[in-house]
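# Examination of the molecular architecture
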Amino acid sequence: MKYVLPNLKFENSALEPYIDAKTMEIHHQKHHGAYVSNLNAALEGKSDYENWSIEEVLKKLDQLPEEIRQAVRNNGGGHYNHSLFWESLTPGGNPMSPQLEAKIVADFGSVDDFKSKFKEAALKRFGSGWAWLVTDGDKLKVVSTPNQDSPVSEGLTELLGLDVWEHAYYLNYQNKRADYIDAFWNIVDWRIVESRL
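Residues numbered from 1 in each chain as written. Predicted model: local features only at pLDDT ≥ 70, side-chain atom pairs only at ≥ 80, totals over all residues. Heavy atoms only, no water.

### Regarding the overall build of the chain
Looking only at helices and strands, the chain features eight helices and three strands. Referenced to the eigenvectors of the C-alpha coordinate spread, the extents of the chain come out at roughly 50 × 40 × 30 Å. By residue count, 48% of the 197 residues in the chain fall in the buried class. Split by element, the accessible area of the chain, about 9,700 Å² in all, is 47% carbon and sulfur. Side chains of the chain give 21 positive and 29 negative charges; the mean places of these two sets differ by 2 Å. (Helix = DSSP H or I, 4+ residues; strand = E, 2+ residues; numbered from the N terminus. Buried < 20%, exposed > 50% of the residue type's maximum accessible area, 1.4 Å probe, protein only. Areas by Shrake-Rupley, 256 points an atom, 1.4 Å probe, with all protein chains shown as cover. Lys, Arg positive; Asp, Glu negative; His and termini not counted. Charge placed at Lys NZ, Arg CZ, Asp CG, Glu CD.)

### Thoughts on the packing of aromatic side chains
Any two aromatic rings considered together are summarised by their centre-to-centre distance and by the angle between their planes. Going through the model one piece at a time under the given rule, you end up with 16 aromatic pairs. On the numbers, 4.8 Å between centres and 25 degrees between planes, the contact of Y169 with Y180 is stacked. With Y169 in the loop between β3 (157-163) and α6 (170-173) and Y180 in helix α7 (residues 177-184), this pair connects stretches of sequence that are eleven residues apart. For the pair Y169 and Y180, a shared accessibility class is recorded, and that class is buried. (Phe/Tyr/Trp six-rings, centres within 6.5 Å; stacked < 30°, edge-to-face > 60°.)

### Quick word on the pairing of strand β1 (residues 129-136)
Each regular strand shows side chains that alternate between the opposite faces of the sheet. Counting buried residues in β1 gives seven out of eight residues, a clear majority hidden from the surface. The turn joining β1 and strand β2 (residues 139-146), which pair antiparallel and follow one another in sequence, is formed by two residues; a positive phi near 70 degrees is taken by G137. Relative to β3, β1 is paired through six bridges, and the arrangement is antiparallel. Within β3, the residue paired with A131 across the bridge is L162. (Pairing = 2+ DSSP bridges.)

### Describing the UniProt feature "domain: Manganese/iron superoxide dismutase C-terminal" (unreviewed entry) in the chain
Under the feature "domain: Manganese/iron superoxide dismutase C-terminal" (unreviewed entry), the UniProt entry names residues 98-196. Counting secondary structure, residues 98-196 comes out at 43% helix and 23% strand; the distance between its end C-alpha atoms is 16 Å. (UniProt positions renumbered as here; feature names shortened; annotations may be inferred.)

### Examining the sheet that holds β3
Here three strands make up an open sheet; going across it, the order is β2-β1-β3 and the pairing antiparallel. Across the chains shown, the open sheet's two edge strands, defined by having one partner strand only, are β2 and β3. On average, adjacent strands in this sheet sit at an angle of 25 degrees to one another, irrespective of strand direction. Of the strands in this sheet, β1 and β3 touch helix α3 (residues 66-87), which is tilted by about 85 degrees from β3. (Axes fitted to C-alpha atoms, helices over the stretch in contact; angles between N-to-C directions. Contact = heavy atoms within 4.5 Å.)

### Here we look at the nonpolar core
In this structure, L89, F114, F118, L133, L162, F184 and W190 are the most contacted members of the largest nonpolar core, which totals 44 residues. Core analysis: the second largest hydrophobic core is formed by 16 residues, W52, V57, L61 and L64 among them. (Core = buried A, V, L, I, M, F, W, Y, C linked by side-chain atoms within 4.5 Å.)

### Notes on the packing of helix α1 (residues 21-43) against α3
One way to put it is that α1 packs onto α3 with a least axis distance of 8 Å and a crossing angle of 145 degrees. In terms of crossing hand, the pair formed by α1 and α3 is left-handed. Judged by residue contacts, M24, H27, H28, H32, A34, Y35, V36, N38, L39, A42 and L43 of α1 engage I68, A71, V72, N74, N75, G76, G78, H79, H82, S83, F85 and W86 from α3. Each residue belonging to the contact of α1 with α3 can be placed in one class, and the counts come to twelve nonpolar, eleven polar and no charged. (Left-handed = near helix turned anticlockwise from the far one by under 90°. Nonpolar A, V, L, I, M, F, W, Y, C, P; charged D, E, K, R; others polar.)

Listed below in structure tokens is the structure:
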């Protein structure tokens, strides 16, 4: 099975002014495209794993041959994380359902407290990585991962992820990661997020 770069469900310019068209083009076609190519190259000729879904690959990294494990972790995580990221975005965003809002309030105190905790995780991630809203059992949590590591490898379920690698925002925001994080809330597709619960 060859992994493929998923198509975006919107035009590159559709998320402006929050994410500009050039960043979307480079981020999706070049960065995500490279993860897919490198993942396929790492797994080429490894027929034992060819029928594994990307989730299975990331959950069973310890079962992969040591010589390809790091490449698969990096590029498989990059493919999986980015695929989830693109699916979570929509032009203009949409509101949380009352049910999702109630769950967030129950686990974080308020929506504002959740967003504050999420922003803190995204800002404190030194260098490259991700901030995540995940489920751990029946509880919502905010976590952060370095590089292209994915919470699915730790037994968590990702609901929403924000890429804080500089390639995700530098053309528009330069060193202002906080502004990028604040802008993100304007383009979240909460219906997709809730469907992952």
